[in-house]
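# Breakdown of the fold
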Amino acid sequence: ERVRETLELCDRCADELLDVEHRTAMRRFFGRAAVGDPAIFRRRASTARGAAAVAWVVCGANDTFERTLLVQDLLGWFGVSGSVSQRAEPLLRATGVDPHGHWGRADLGAPDLLVSEQRRQIIATRDRWLAD
């Protein structure tokens, strides 16, 4: 039930604040976390905070906060205040990502967790470096 509730919150957030690409990325990330460590979802924890952590991770990996959305607006949509980084740590670990190894930038290690705008930015950066 917690998994279903979290997923529904993520879907509604994407529908209202983001787009279908973010929705897909959140579903994929969330699914990998659920498979990687199902025990995460057996704990008594706030569903809203868990969904906010999923959205925060995906938006961070896609530079969404630098382009279109403030962190406080995302968290506020879920009714969450303060940081969700601690809630995100077990989710990241469950997907094989070191939560402390990205020096402030979320690298989820999977291109299918990126939205097209982020992939475009990565390709443009690569092309600039290659041209130099």
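Scope of this entry: the structure provided in the associated data block. Everything numeric in this text was worked out from a predicted model, so none of it was measured.

### Focus on the packing of aromatic side chains
Enumeration according to the criterion identifies two aromatic pairs in this entry. The interplanar angle of 70 degrees and the centroid separation of 5.1 Å between the aromatic rings of Phe30 and Phe41 together place this pair among those described as edge-to-face. Placement of Phe30 in helix 2 (residues 20-36) and of Phe41 in the loop between helix 2 and helix 3 (47-61) is noted, with a sequence separation of 11 residues between them. For the pair Phe30 and Phe41, a shared accessibility class is recorded, and that class is buried. Consider the rings of Trp77 and Phe78, whose centres lie 4.9 Å apart with planes at 80 degrees: the pair is edge-to-face. Under the relative-accessibility criterion, Trp77 is labelled partly exposed at 23%. Judged by relative accessible area, which is 8%, Phe78 ranks as buried.

What counts, and at which threshold
Residues numbered from 1 in each chain as written. Predicted model: local features only at pLDDT ≥ 70, side-chain atom pairs only at ≥ 80, totals over all residues. Heavy atoms only, no water. Phe/Tyr/Trp six-rings, centres within 6.5 Å; stacked < 30°, edge-to-face > 60°. Helix = DSSP H or I, 4+ residues; strand = E, 2+ residues; numbered from the N terminus. Buried < 20%, exposed > 50% of the residue type's maximum accessible area, 1.4 Å probe, protein only.

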